[in-house]
Amino acid sequence: MGNTKIGWADKTWGPVVGCTKTQHEGCRFCYAERLHNLRHIAFMHGKKMSMQYAKPFSNVQCFSNRLNQPLHWRKKRNIFVNSMSDLFHKDVPFVFLNRVWETMWACCDMPVRELLYENMPVHNFLILTKRPERLLEYENYRKDRAWGTYFDNIWAGISISNQRDLVEMMDSFMETVAMNKFISIEPMLEPIKIDIYIDYLRFVIIGCESGPNRRPFKNEWAETIVKTCLKRNVPVFYKQGIENGKLTHYPAINGICYQQFPRQLLEAE
Ligand code: SF4
């Protein structure tokens with residue numbers, strides 16, 4: 001897996017590839033689906049490509065041979081887990097999630113690790129899902145409601161696009177034990193109020209839609225979110241917006257760019 005230009009992470013790790021759409025608006029023009037299926041077509045036409053493209057995006061594929069990859073990255077990284085899938089898709093078996101968790105635990109930076117693992121690199125893992133209810137199911141399956149307390153290098157996030165997503169996902173998300181919770185509002189499709197949830201969050205990411213089907217976006221929507229975050233001291237990362245009619249990375253609000261990070265994520269090189 002490669003380095004990434006995503007801005008809020010510096011590496012991607014894809015033990016799972018493929019997904020199917022949820023009812024949430026953010027899935028409508030899924031970037032991962034578009035990219036994967038283009039490559040799948042090329043593969044079917046005989047182009048030499050990775051075997052993951054032998055199957056269409058709708059086939060969820062779990063790659064055991066990728067599980068140990070982060071253990072070979074010696075420098076501390078902020079790793080985006082599954083940029084081309086949703087880790088909590090129903091077709092990812094819990095036994096496979098156990099193995100993903102095992103890798104992430106091996107890379108935590110806490111005294112408990114010394115008892116279990118030796119000479120492992122330290123990384124942060126950021127997981128984004130539109131299926132927090134399955135994360136909760138997984139926690140219940142593990143009968144291990146303590147992982148979130150002991151392993152603080154796992155950042156669990158939900159990906160939302162509108163107010164309805166936030167309300168629908170927050171119930172199960174707040175119930176999960178992950179101590180580091182974050183939200184990614186991308187693509188942001190309408191004004192969203194996060195005030196009542198802000199104290200549960202340790203990081204907020206904002207971005208407008210990109211790609212050929214870009215839907216409308218207003219910078220003032222982002223401004224409202226930024227203000228809420230600043231008021232409650234929650235780091236906010238404004239990844240992309242519209243300036244002078246053009247898609248702009250890291251746009252400014254009143255002359256200031258907001259590329260803030262939680263302290264723990266700043267420590268990665
Ligand atoms: S959940 Fe994510 S990866 Fe899956 S279809 Fe929706 S946007 Fe794409």
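All of the points below concern the structure found in this document. (Residues numbered from 1 in each chain as written. Predicted model: local features only at pLDDT ≥ 70, side-chain atom pairs only at ≥ 80, totals over all residues.)

Our next topic: the site of the ligand. Residues in contact with the ligand, as listed here, are C19, K21, T22, G26, C27, C30, A32, E33, S85, D86 and K130. Grouping the constituent residues of the shell around the ligand by class yields 4 nonpolar, 3 polar and 4 charged. (Near = placed C-beta within 6 Å. Nonpolar A, V, L, I, M, F, W, Y, C, P; charged D, E, K, R; others polar.)

Here the focus is the pairing of strand 8 (residues 203-207). Of all 5 residues in strand 8, 5 are buried, a share of seventy percent or more. Where burial is concerned, the two faces of strand 8 agree: the one with F203, I205 and G207 and the one with V204 and I206 are both buried. Of the strand pairs in this sheet, strand 7 (residues 180-185) and strand 8 are connected by 4 bridges, and their pairing is parallel. Looking at strand 8, one finds that S184 is bridged to I205. (Buried ≥ 20, exposed ≤ 12 C-beta atoms within 10 Å, placed from the backbone. Helix = DSSP H or I, 4+ residues; strand = E, 2+ residues; numbered from the N terminus. Pairing = 2+ DSSP bridges.)

This paragraph deals with unusual backbone geometry. For the bond running from E186 to P187, omega is 0°, close enough to zero to count as cis. Here P187 lies in the loop between strand 7 and strand 8. Not every positive phi belongs to a glycine, and N233 is a case in point at roughly 60°. Of note, N233 is situated in the loop between helix 7 (219-231) and strand 9 (236-243).

All right, on to the nonpolar core then. One finds L126, V204, I206, I225 and V236 to be the most contacted residues of the largest nonpolar core, which totals 56 residues. Considering every element that reaches this core, the biggest residue donor is strand 6 (residues 154-160), with 5 residues. (Core = buried A, V, L, I, M, F, W, Y, C linked by C-beta atoms within 7 Å.)

We now examine the environment of R142. Among the structural elements, R142 can be located in helix 4 (residues 132-142). Under the C-beta neighbour-count criterion, R142 is labelled partly exposed, with 14 such atoms within 10 Å. Considering only alpha carbons, one finds R142 and V95, 47 residues apart in sequence, at a separation of 9.7 Å.

Let's shift gears to the sheet that holds strand 9. Taking strand neighbours across the sheet as the criterion, the 8 strands line up as 1-4-5-6-7-8-9-10 in an open arrangement whose pairing is mixed. Because the sheet does not close on itself, it has two edges, and the strands there are strand 1 (11-13) and strand 10 (246-249). Adjacent strand axes in the sheet meet at a mean angle of 25°, parallel and antiparallel pairs treated alike. Alignment of strand 5 (residues 123-129) against strand 6, held across 5 bridges, turns out to be parallel. Looking at the pairing, I127 lines up with A156 of strand 6. Contacting strand 7, strand 8 and strand 9, helix 7 crosses the sheet at an angle of about 165° to strand 9. (Axes fitted to C-alpha atoms, helices over the stretch in contact; angles between N-to-C directions. Contact = placed C-beta atoms within 7 Å.)

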